[in-house]
Structures are given as C-alpha cells and as structure tokens.
Amino acid sequence: MLTPRALLLGLLGAALVCVWTPYNNYKVGASLIGGNQFPTVAFAVLILLALLRQLLPRLKVTPAELATVWTILLVTSGIPSSGLLRTLIPNIPAPVALSTPVNEWERKVWGPQPDWLKMADTDGAKAFFSGYPRGQEHVPWGAWLGPLTAWLTPAVLFLLASFCVVAVFRKQWIEHERFAFPLVTLPLQLATEPQILTRRPVFWIALALTASLHGLKGFHQLYPNIPDIQTNWSLMDYLTEPPWNQIGPFALFFFPLVVGLGYLLPGEVGLSIWFFHLLFKAECLVAALNNWDQPGALGFFSQRQFHSLQAFGGAVALTLWCLWTARKHLRVVFTEPAYARLRLGLAVSFGGLGLWELLAGIPVLLVLLSLLFVVLALITIGWATCQAGILFMAMPYTSLDVLAPTIGTAPFAPSALYTLYRVEYATVYNTRELLLPGLLNAAKIGEGVGLAPKAHTRWLGFAVALAVVVGVWACIRLPYLSGGANMLVERWTYETGPQIPLKVLGNAASVPYKPAATNFLHSAGGFVLVGGLLLARLQLGSGLHPIGFLAASVHGVHTTWFSILIGWFAKILVMRYGGMALYKAALPFFLGLIVGDALSAAFWIGMGYLTGVGYNSLPS
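Residues numbered from 1 in each chain as written. Predicted model: local features only at pLDDT ≥ 70, side-chain atom pairs only at ≥ 80, totals over all residues. Heavy atoms only, no water.

**Quick word on the overall build of the protein**
When helices and strands are tallied, the protein shows 25 helices and two strands. Radius of gyration (C-alpha) of the protein: 24 Å, near the 25 Å computed for a compact globule of 620 residues. Its C-alpha atoms give the protein principal-axis dimensions of roughly 65 × 65 × 60 Å. Scored against the burial criterion, the 620 residues of the protein give a buried share of 59%. A fraction of 82% describes how many contacts in the protein between residues 6 or more apart in sequence connect residues 24 or more apart. (Helix = DSSP H or I, 4+ residues; strand = E, 2+ residues; numbered from the N terminus. Rg over C-alpha atoms; globule rule 2.2 N^0.38 Å. Buried < 20%, exposed > 50% of the residue type's maximum accessible area, 1.4 Å probe, protein only. Contact = heavy atoms within 4.5 Å.)

So, in structure tokens, the structure goes:
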C-alpha cells in the first residue's frame with residue numbers, strides 16, 4: 001500500500017538527491033550518487049530504513065513503505081546525472097561558447113540550425129563554462145528559457161516513451177518470461193526479511209572488511225601520509241611493446257560491490273561478461289598483428305569502431321528476438337481496448353519525437369534511424385538489466401558510428417547530424433542511468449511487496465517530473481555560481497563530452513568520412529552471432545549470454561569485468577565443492593560486500609560535502 005509518509009519521504013529524498021548530485025558529482029568528485037542501475041544513495045537509504053524498522057518496531061514501517069521510498073529514489077537518482085541532465089544541459093550553451101574563428105564550428109557545424117535551438121546570449125553561454133567576473137556571478141535564466149524549452153521537449157518525450165515501453169513489456173518480462181531481476185534481489189530481501197542477513201556473522205565480517213578498506217583509502221585522500229591500498233592496476237603499464245600496446249585500455253579494478261553482484265549473477269552472465277571482454281581484446285591483438293586498421297568509435301563509448309558496428313547488428317537481433325517472443329502479448333497490447341491509453345502514449349512520445357526532429361531540420365531518413373535507436377536502446381538496456389543483471393552499460397554506438405563507416409557523412413548536412421547527435425547524447429548515448437530499467441526494477445519489487453501497479457507508476461511519474469524540474473535548476477545554477485564549469489573537477493561532462501561531436505563533425509565538414517562496404521559485414525556478423533547465441537540458449541537451456549558480446553567494449557565492462565570474474569569464480573568454486581547448501585551459507589558474505597560498499601560510498605559522499613575532498617569508491 002502506498003502511504004502518505006512513504007510518498008512524502010521518497011519525494012523529499014528525490015528533490016534532495018537532485019539538488020545534491022551536481023555538487024557531489026561535478027564539484028567534489030566523490031562517488032556518484034547514482035551512477036548505475038543500483039544507485040548508491042537509494043540503496044543506502046533503504047538499508048537505514050530497514051535498520052530503523054528493526055530497531056523501532058512501534059513505528060510499524062512496512063515492506064511496502066520501504067519499497068516505495070527505494071523505488072522513487074531509484075528512478076530519480078539518474079535524472080540530474082547521466083540519465084538526462086548531465087548530457088543535456090552542457091550541450092545547450094556548448095556550440096556558442098566553444099566555437100572560435102580558428103575552429104570555425106559555427107560555420108561548419110551548427111550555424112544552419114534553426115534559431116530556436118540556439119542560445120542567443122553569447123556572454124551567458126560563455127559564462128556557463130568560464131564564469132562571470134568575481135562578484136558578478138548570477139544565472140541568466142532569461143537567456144536559458146527559449147533553448148532550454150526547445151531541448152527539454154525531446155527529452156520529456158523520451159521519458160514518456162520509457163514509461164510506455166515499460167507498460168508494454170512489464171507483464172511479458174515479469175509474469176510471462178519471469179526474468180530474474182538480479183538487482184532487485186537484495187533490496188527485496190532488505191525490505192521484507194533483513195534479519196536473515198543481519199543474524200549471520202559472515203555478513204558483518206564482509207561489511208567490516210569493506211568499510212575498513214574504504215576507510216583507509218578515504219582518509220588517505222584527506223591525509224596523504226596515511227598509506228593507501230591499491231585496488232586498480234593498468235595492464236598497459238606492462239604491455240608497452242607492439243603488438244600488445246595496441247589492445248588498450250586494459251585494466252583490473254577491484255570493487256567489493258561488483259564482486260558481490262558477480263556472485264548473485266546467473267553463472268552464464270558472469271562468464272559471458274569477462275569472456276567476451278577478453279575475446280574483444282584478443283580481436284584487437286589479432287588486428288594489431290596483421291596491421292589492420294582499427295579506429296576508435298566516433299561516439300567514444302566503444303573502444304573500437306568494429307565493435308560498435310557488431311553491437312549495432314547484435315542489438316537489432318536482440319530487439320527482434322524480444323518482439324518475437326512477446327508477439328502474443330504485443331498482439332493484445334495493440335488490439336485490446338484496455339490498452340488504448342498506452343497506444344496513445346506511444347503515438348504521442350515517438351510521433352512527437354519524430355516531429356520535433358523534422359522541425360529541427362533532420363531529414364526523414366535520419367529521423368527514422370533515430371527512432372530505431374531509441375527502440376534498440378530501451379529494449380537492449382532494459383533486457384540487459386532485468387534479465388542479466390548488468391550493473392551499467394552504455395550503448396556501444398551512436399548514429400555516427402553506424403552511418404559514417406557504412407554510408408558516409410557526405411549525404412547529410414553536418415548541422416542535421418549535430419542536432420541528431422545532441423538528441424541522442426541526452427537520451428540514449430550514455431545509458432548507465434537510463435530510466436527504463438529502474439522503472440522495470442521498481443515494478444518487480446512493487447509486485448513483491450504488494451504495491452498497486454497503476455498507482456505506483458503514477459507516483460513514479462510525478463517523482464520523475466519533480467526530478468527534472470529540480471535537476472534543471474541545480475545543474476544550470478552550479479557552474480554559474482562556481483566560477484564556471486571549467487573550475488569544476490568533472491572534465492568529461494563540461495569539456496570532453498560537448499567537444500566530441502563538434503570536433504568530429506567539424507572534420508567531416510572539411511573531409512567527409514568515406515564509407516566501406518565491408519563495414520556492413522561487422523553489423524551482419526553481430527546480428528548472426530547474437531541471434532545464434534539466443535537460439536543456442538533456447539535449445540540447450542544455457543550457454544554464453546549475448547549481453548557479454550554486446551557490452552564487450554564499453555567502459556562499464558572495462559571497469560567491472562575483473563570484479564565480476566572474482567564473484568563468478570567464487571560462485572563456481574562454492575557450487576562445485578559445496579553445492580546449493582554452501583552457496584546459501586556464503587551468500588550473506590557477498591551481500592555484506594554490497595552493503596558495505598554502498599554504506600561506505602554514502603559515508604564518503606557526506607564527507608566530501610563537509611571537506612570538499614572527493615573519494616570515489618564505486619565504478620564511474
């Protein structure tokens with residue numbers, strides 16, 4: 001049951017998270033408040049409320065109330081970060097502020113765009129990055145009103161599309177196919193029966209070990225004389241000679257939380273993630289040995305262009321598979337009167353997004369490709385999170401990564417490609433905090449504690465709307481009142497990211513990217529491989545999981561594959577020599593790693609606020 005106190009606490013928490021996130025993530029540089037599909041603060045709040053429920057039973061805190069608070073924080077924590085505003089806000093003033101007579105980006109890239117997409121106040125745009133003179137700091141809200149409204153329109157339509165796609169697949173994935181939802185396992189346990197964990201000594205041992213590790217490393221950040229414990233190693237420091245130096249970046253990262261999640265993951269998922277990452281590195285090595293060209297992806301979220309194309313083909317195969325397996329349910333959704341409002345929502349969101357892009361000067365072919373990419377991202381990331389339990393994953397390709405190698409950039413105006421890129425950048429480019437998987441995880445835990453689905457969804461929608469409003473205010477305000485974004489510690493958000501499309505398309509305006517027919521083979525190969533893996537799993541009941549292939553080259557796997565390998569290997573040993581009984585006995589230890597990591601991250605987020613010194617203990 002949705003109670004007023006749980007809703008109020010959740011909504012207040014969401015507003016605070018949206019205010020705090022820009023300061024924490026971009027100015028202090030501490031552990032990300034969200035950062036993935038298992039957001040730190042949301043989980044830490046759930047732990048504290050579960051503890052409160054045990055210590056003060058007279059408050060009569062129910063599992064449904066714990067789930068209500070957690071799900072509101074779950075779906076809103078990504079909005080002020082990579083879930084929307086981290087990639088939307090800086091790109092509004094970026095073209096005006098970053099263009100110079102030397103790079104000529106205005107003439108080459110964004111000049112022909114409609115005026116309603118541009119920030120007219122040049123001084124206000126430049127001050128976002130470089131700041132106003134000391135003593136004259138202010139936020140030029142009037143300059144933001146027009147372009148902010150223009151660029152928020154496709155963003156809001158995308159959020160609406162996310163809710164609609166969840167409504168389409170919720171029953172199919174939760175009730176019919178019965179996805180595992182690995183990331184919901186521990187929150188559901190804490191909401192319903194936390195005493196099963198807290199009464200086990202191994203749980204507290206793991207929590208203490210993790211807290212001690214981060215305590216030492218965190219205080220080392222504050223007081224460098226305190227010794228540090230190394231938890232990551234760049235293998236490129238040792239692979240310095242050809243051809244080995246051509247496979248980078250390649251590193252080992254130890255994250256207790258990811259080790260714990262690796263133990264929870266289905267064995268085939270854990271195996272596939274590290275196996276396909278190492279296979280990808282082997283591909284890079286073979287290419288280097290044969291002196292084959294292996295350029296990086298233009299969108300920069302895949303380490304190599306060939307895997308961007310392979311992943312695109314694989315995502316098409318996976319999406320078609322999901323649509324085929326859900327065909328009976330989809331027939332009901334698109335024919336029964338009970339789903340009329342859902343069909344209207346799909347028409348408004350996808351139709352509105354396509355219409356906006358046409359009005360913004362994007363040709364029909366690119367509009368259709370853009371809508372395809374939205375569908376691919378929503379289904380692929382939703383499936384990867386809820387069925388496989390992957391912590392975070394960015395789509396390995398953008399429209400540029402598919403178009404430039406196969407069709408070339410010459411047929412399209414750079415301004416149209418830039419507009420399309422900015423829409424993708426804010427919605428489906430960095431999907432590590434994508435809204436849709438959070439909504440599906442919220443629906444799953446809601447089912448487990450008896451929350452009414454429609455009422456729960458409506459309140460989650462209200463929470464997301466609140467997060468957008470508060471997040472916009474906080475994300476615009478921070479750079480102006482901090483001496484400009486260039487004074488903040490987070491460089492990707494304000495420097496590297498906004499310049500990527502301007503540099504790429506500025507070069508393409510001078511020398512268009514030439515296509516190669518052989519690049520279609522990469523996409524075809526990815527389609528065949530993922531389709532084959534899905535058929536093999538259907539016939540054999542097990543096998544390598546396709547999500548490992550799709551994510552092989554992305555940053556999320558680069559930073560987590562080693563920790564997943566540790567958790568997977570521990571699970572294999574436990575099951576091999578102790579069976580299910582030993583697996584259950586060891587489970588509290590690995591859950592303790594997760595809880596200890598989350599609580600430590602929350603503690604050091606608070607310390608970062610007090611000291612201004614950030615310590616990032618989680619994957620970023």
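**Observations concerning the pattern of salt bridges**
Tallying each qualifying case throughout the model produces nine salt bridges. Ionic pairing is found between Glu268 and Arg537, a salt bridge with its closest N-O pair at 2.5 Å. With Glu268 in helix α13 (residues 267-289) and Arg537 in helix α23 (residues 519-540), the pair connects residues that are 269 residues apart, well separated along the chain. Glu268 sits in the partly exposed class, given a relative accessible area of 22%. (Salt bridge = Lys/Arg side-chain N within 4 Å of Asp/Glu carboxyl O.)

**A short note on the confidence of the model for the protein**
Put simply, the protein has an average pLDDT of 93, and 100% of its residues get 70 or more. Across the protein, helix α16 (residues 340-359) holds the top mean pLDDT of 98, while helix α10 (residues 195-198) sits lowest at 76. (pLDDT = per-residue confidence, 0-100.)

**Description of the packing of aromatic side chains**
Using the criterion set out here, one finds 35 aromatic pairs in the structure. Taking 6.0 Å as the distance between ring centres and 80 degrees as the angle between the ring planes, the aromatic pair formed by Trp20 and Tyr609 counts as edge-to-face. Note that Trp20 is positioned in helix α1 (residues 4-28) and Tyr609 in helix α25 (residues 555-611), a separation of 589 residues in sequence. Here the aromatic cluster, defined as three or more aromatic residues joined through ring pairs, consists of Tyr26, Phe128, Phe129, Tyr132, Trp144, Tyr480 and Tyr494. Over the face of the ring belonging to Trp324 we find Arg327, whose NZ or CZ atom lies 3.9 Å from the ring centre. Here the basic side chain of Arg576 rests over the ring of Tyr577, its NZ or CZ set 5.2 Å away from the ring centre. (Phe/Tyr/Trp six-rings, centres within 6.5 Å; stacked < 30°, edge-to-face > 60°. Lys NZ or Arg CZ within 6 Å of the ring centre and 35° of its normal.)

**Brief notes about the layout of surface pockets**
Its boundaries defined by the atoms lining it, the largest pocket holds a volume of some 1,100 Å³. As for the largest pocket, its lining consists of 27 residues, and the residues nearest its centre are Ala167, Leu342, Pro453, Lys454 and Thr457. Taken together, the elements giving at least two residues each to the lining of the largest pocket come down to α8 (141-176), α16, α20 (435-449) and α21 (453-480). Residue contributions to the lining of the largest pocket peak at eight residues, all from α8. (1 Å grid on protein atoms, 1.4 Å probe; cavity = no way out; pocket = protein on both sides within 12 Å on 5 of 7 lines; lining within 4 Å. Points joined across faces, edges and corners; volume = space filled by probe spheres on them.)

**Description of α20**
Under the 1.5 Å per step criterion, the end-to-end length of α20 is 21 Å for 15 residues, consistent within 8% with the ideal 21 Å. The buried fraction of α20 amounts to twelve of the 15 residues, a majority that puts the element mostly inside the structure. Against the buried residues of α20 lie α3 (63-76), α8, α9 (185-192), α17 (364-388) and α21. The positive-phi residue at the C-terminal boundary of α20 is Gly450, with phi of around 85 degrees. (Expected span 1.5 Å × (residues − 1).)

**Describing the packing of helix α19 (residues 414-429) against helix α22 (residues 491-510)**
Contact geometry for α19 and α22: axes closest at 10 Å, N-to-C directions at 150 degrees. In terms of orientation, α19 lies roughly antiparallel with respect to α22. Considering how the two elements wind past one another, α19 and α22 form a crossing that is right-handed. Contact with α19, carried on its side by Pro414, Leu417, Tyr418, Tyr421, Tyr425 and Tyr429, involves Trp492, Gly497, Pro498, Ile500, Pro501, Leu502, Leu505 and Ala509 of α22 and no other residues of that element. Its residues assigned to classes, the contact of α19 with α22 comprises 13 nonpolar, one polar and no charged. (Axes fitted to C-alpha atoms, helices over the stretch in contact; angles between N-to-C directions. Parallel < 35°, antiparallel > 145°, perpendicular 65-115°, else oblique. Left-handed = near helix turned anticlockwise from the far one by under 90°. Nonpolar A, V, L, I, M, F, W, Y, C, P; charged D, E, K, R; others polar.)

**Regarding the environment of Ala465**
Tracing the sequence through the fold places Ala465 in helix α21. Considered as a pair, Ala465 and Ile79 are 386 residues apart in the sequence and their alpha carbons are 9.6 Å apart.

**A closer look at the packing of α16 against α19**
For any two helices packed against each other, one specifies the crossing angle of their axes together with the interaxial distance. α19 packs onto α16 with a crossing angle of 145 degrees between their chain directions and a minimal axis gap of 10 Å. Seen along the crossing, α16 lies across α19 with a hand that is right-handed. From α16, Leu353, Trp356 and Glu357 reach across to α19, where they touch Thr419, Leu420 and Val423. In terms of residue class, the contact of α16 with α19 is made up of four nonpolar, one polar and one charged.

**As for the side chain of Asp597**
With respect to the secondary-structure elements, Asp597 resides in helix α25. This buried residue, Asp597, is left without a salt bridge; Lys217 holds the nearest opposite charge, at 11 Å. A distance of 2.3 Å separates the side chain of Asp597 from the side chain of His214, its partner in a polar contact. Residues contacting Asp597, with those up to four places away along its chain left out, are Thr210, His214, Phe255, Pro256, Leu257 and Leu618. (Lys, Arg positive; Asp, Glu negative; His and termini not counted. Polar contact = N/O pair within 3.5 Å; in protein donor to acceptor, adjacent residues only side chain to side chain.)

**Side note on the environment of Thr398**
Mapping Thr398 onto the fold places it in the loop between α17 and α18 (399-406). C-alpha of Thr398 to C-alpha of Leu279: the two residues are 119 residues apart in sequence and 23 Å apart in space.

**Overview of the side chain of Gln387**
Mapping Gln387 onto the fold places it in helix α17. Residue class for Gln387 comes out buried when judged on its relative accessible area of 16%. Side chain to side chain, Gln387 and His545 meet in a polar contact 2.7 Å long. Not counting residues within four places of it along the chain, the set of residues in contact with Gln387 comprises Phe179, Ala180, Pro182, Gly382, Arg537 and His545.

**Some thoughts on a nonpolar patch on the surface**
Among the surface-exposed residues, Trp116, Leu355, Leu358, Leu359, Val364 and Leu368 lie close enough to one another that they form a single nonpolar patch of about 600 Å² accessible area. For the nonpolar patch, the elements supplying multiple residues, two or more each, are α16 and α17. Its relative accessible area of 56% is what places Leu359 among the exposed residues. (Patch = residues over 30% accessible without salt bridge, like charges linked within 9 Å, V, L, I, M, F, W, Y side chains within 5 Å. Areas by Shrake-Rupley, 256 points an atom, 1.4 Å probe, with all protein chains shown as cover.)

**A closer look at unusual backbone geometry**
A cis amide bond links Pro242 with the next residue in sequence, Pro243, at an omega value of 0 degrees. Here Pro243 lies in the loop between β1 (232-234) and β2 (251-253). Cis rather than trans, the peptide bond between Gly248 and Pro249 has omega equal to 0 degrees. Mapped onto the fold, Pro249 is located in the loop between β1 and β2. A positive phi angle, near 55 degrees, is found at Lys60, a position not held by glycine. Structurally, Lys60 can be placed in the loop between α2 (40-55) and α3. Residue Lys60 is classed as exposed on the basis of its relative accessible area, which comes to 64%. With phi around 50 degrees, Phe181 is a residue other than glycine that occupies positive phi space. Topologically, Phe181 is positioned in the loop between α8 and α9.

**Topic: the nonpolar core**
With 210 residues, the main nonpolar core has Phe43, Trp144, Met393, Tyr397, Tyr480, Ile547 and Ile594 as its most contacted residues. The element best represented in this core is α8, accounting for 18 residues. Look past the residues within four positions of Tyr480 in its chain and what remains in contact with it is Met119, Gly124, Ala125, Ala127, Phe128, Tyr132, Glu137, His138, Val139, Pro140 and Trp144. (Core = buried A, V, L, I, M, F, W, Y, C linked by side-chain atoms within 4.5 Å.)

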